[in-house]
Amino acid sequence: APAAAPTAPTSAGAPASAPAWQQEWDALAAAAKKEGRVDLNWILGGAGGYQKCVDDFNKTFPGVEAQLTTMASGSLMVPKVIHEHQAGIYSFDLLFTQNQHGDLMKGPGALQPIKPLVFHADALDDKKWSNGFAAGWVDKDKAYGYGFAMNAPKVWWMNTDLVREGEIKSANDLLNPKWQGKMILADIRSGYTSQNGTALRLNLGDDFLKKLLVDQNPTFSRDNRLITEAMVKGQYAFATGVPVQILEEFQAQGLGKNLKAFSMPEAATMSMGHQVWATKGAPHPNALRLFLNWLLTKEGQTAYVNSTKENSRRLDAPPGDPTTRVEPGQKYVWLGGNDAMSPEVEKTIELGIKLTTR
């Protein structure tokens, strides 16, 4: 059964002169410690980067253990969360995925709004966030999903043993017949391919996708580790779906130095990456609230970017990856975290499925 409602904050243990949010924070930390844990579900294989962020939380709040589960894609998370909600099962407190997946879970009532749960003064400080705190809400209600990252991701990778420097200057260069059968792409439903594919479709048309996804005869996979390993072994020249966290595991063994991320003008996208959502009936409501507020502070966002190598919307957090920061003056298709663009991403997925289903 779902846990009881969060314990009402009190001023016990906080100085009488402390601001209200500080008294609430101290009371919340004590209530979360009684619950003992918070369960997180983060999309994308390669838990190493996320685990480091979770470990920082665990060090900051001993006695409140954050448990991390990862899934390869939102197509796996969404049905699990919805089916469990309908069955009265509550496995997770916080979910980290993209807005199109959050909307699918919100529809059947599997999510609760997190806007009322954020109260930490540092988290809510408009001056600390690019375009202010409110710019992070990604759902139509501006209450359920919050985007704390902002990146211009390079989702295409090349094997420099097979591709010469400067050989790929535009997306049309990928259509060279020499690259037929030399690509391994994340499943079209994955954000790696669907979002980048949306930019290509909007800039170059539907026919370009047919040429890329059909005529070039790429291999598709839902396994990001398999994709990364195949690229490291030199089996393919190009790929989407190579998470930095997984690649770093190979590079720690002296492998994968031949892989290089690259971008193309027609495929430039801007994304909030994964956003945070909360399940309805969350089993650890106080610990959920503690992790959520901590994550949105400078301390939490610093832990996040140091772990994942992504960039934060917080202006006082260090860059996670300067090469994927949003650059002023560059033209981007804003996809991940832009609810208005979700229909375009869905069109790309539908077209991709139609083209690749044989």
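The rules behind the values
- Residues numbered from 1 in each chain as written.
- Predicted model: local features only at pLDDT ≥ 70, side-chain atom pairs only at ≥ 80, totals over all residues.
- Heavy atoms only, no water.
- Helix = DSSP H or I, 4+ residues; strand = E, 2+ residues; numbered from the N terminus.
- Rg over C-alpha atoms; globule rule 2.2 N^0.38 Å.
- Buried < 20%, exposed > 50% of the residue type's maximum accessible area, 1.4 Å probe, protein only.
- Contact = heavy atoms within 4.5 Å.
- Lys, Arg positive; Asp, Glu negative; His and termini not counted.
- Charge placed at Lys NZ, Arg CZ, Asp CG, Glu CD.
- 1 Å grid on protein atoms, 1.4 Å probe; cavity = no way out; pocket = protein on both sides within 12 Å on 5 of 7 lines; lining within 4 Å.
- Points joined across faces, edges and corners; volume = space filled by probe spheres on them.
- Core = buried A, V, L, I, M, F, W, Y, C linked by side-chain atoms within 4.5 Å.

**Student:** Kindly report on the overall build of the protein chain, identifying the contributing residues and their values.
**Tutor:** A tally of helices and strands in the protein chain yields 12 helices and 13 strands. For the protein chain, the C-alpha radius of gyration of 21 Å lies close to 21 Å, the compact-globule estimate for 358 residues. Out of the 358 residues belonging to the protein chain, those deemed buried represent 54%. For the protein chain, restricting intrachain contacts to residue pairs at least 6 apart in sequence, the fraction spanning at least 24 positions comes to 77%. A distance of 2 Å separates the average location of the 37 positive side-chain charges in the protein chain from that of its 37 negative side-chain charges.

**Student:** Let's hear about the environment of His284: which residues, and what values?
**Tutor:** Counting through the fold element by element, His284 comes out in the loop between strand E12 (275-279) and helix H10 (285-295). A relative accessible area of 13% places His284 in the buried class. Discounting residues that sit within four places of it in the chain, His284 has contacts with Glu35, Arg37, Val38, Asp39 and Asp93.

**Student:** Break down the environment of Asp126 for me, with residues and values.
**Tutor:** Here Asp126 is to be found in the loop between helix H5 (121-124) and strand E5 (146-147). On the accessibility criterion, Asp126 (46% relative accessible area) is partly exposed. Filtering out sequence-adjacent residues up to four positions away, Asp126 remains in contact with Gly132, Phe133 and Ala134.

**Student:** Tell me about the layout of surface pockets, and name the residues and values.
**Tutor:** A volume near 850 Å³ is recorded for the largest pocket. Forming the walls of the largest pocket are 40 residues, and the residues nearest its centre are Pro153, Lys154, Val155, Tyr192 and Glu310. Elements that contribute at least two residues to the lining of the largest pocket include exactly helix H6 (191-204), helix H9 (244-251) and strand E10 (259-262). If one sorts the elements of the lining of the largest pocket by residue count, H9 sits on top with 5 residues. The space that makes up the second largest pocket amounts to roughly 350 Å³.

**Student:** Account for the nonpolar core, naming residues and giving values.
**Tutor:** Among the nonpolar cores identified, the biggest contains 98 residues, and Phe148, Trp156, Phe238 and Phe291 are the most heavily contacted of them. Judged by nonpolar contacts, the second largest core, of 6 residues, contains Val333, Leu335, Met341 and Val345.

Honestly, it's all geometry; don't read function into it.
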